[in-house]
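# What the coordinates show
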Amino acid sequence: VQLQASGGGLVQAGGSLRLSCAASGRTFSSYGMGWFRQAPGKEREFVGYISRSGRTTYYADSVKGRFTISRDNAKSTVYLQMNSLKPEDTAVYYCATTQRVGVMAEQQYDSWGQGTLVTVSS
């Protein structure tokens, strides 16, 4: 499966952005999906996960209550709604597929999108 992330940009602290990740192929609904991010000079870190059906989500503590993951299997797209953004949310955001359930380690993810840059100004 190929993934295309979009929706990044420059936003002021306290603002919102919605990222999208569109998948190719007909098997999107068979994958759990994750969002990760990598800030400048830092390791890539887990942001959140959504199950194949969309009924189960997990979030990193740093984004819990501010970010929401959703998916539309008919459109083969997963979303990351980001609210109350902070300068420390500045990073390249990646989406990825997994065939495992509820995983947060990037080694458990298989296909990755190219990333979209989110910059939050103070």
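To start, this report covers the structure provided alongside it.

Criteria and thresholds
Residues numbered from 1 in each chain as written. Predicted model: local features only at pLDDT ≥ 70, side-chain atom pairs only at ≥ 80, totals over all residues. Heavy atoms only, no water. Helix = DSSP H or I, 4+ residues; strand = E, 2+ residues; numbered from the N terminus. Phe/Tyr/Trp six-rings, centres within 6.5 Å; stacked < 30°, edge-to-face > 60°. Buried < 20%, exposed > 50% of the residue type's maximum accessible area, 1.4 Å probe, protein only. Lys NZ or Arg CZ within 6 Å of the ring centre and 35° of its normal.

### Quick look at the environment of Arg-26
Mapped onto the elements of the fold, Arg-26 is located in the loop between strand 3 (17-23) and strand 4 (32-38). Taking the C-alpha atoms as reference points, Arg-26 and Ala-74, 48 residues apart in sequence, are found 9.6 Å from one another.

### So, the packing of aromatic side chains
With the rule as written, the count across this model stands at six aromatic pairs. Ring geometry for Phe-36 versus Trp-112: centroids 4.9 Å apart, planes at 55°, classification tilted. On the criterion of sequence distance, the pair formed by Phe-36 in strand 4 and Trp-112 in the loop between strand 9 (91-98) and strand 10 (116-121) is long-range, its members being 76 residues apart. Of the residues examined, Phe-36 reaches a relative accessible area of 1% and is grouped as buried. Here Trp-112 falls in the partly exposed class, since its relative accessible area comes to 25%. Above the face of the Trp-112 ring, Arg-44 is positioned so that its terminal group lies 3.9 Å from the ring centre. Here Arg-71 stacks its cationic end above the ring of Phe-28, 4.4 Å away from the centre of that ring.

That is the geometry; function is a separate question.
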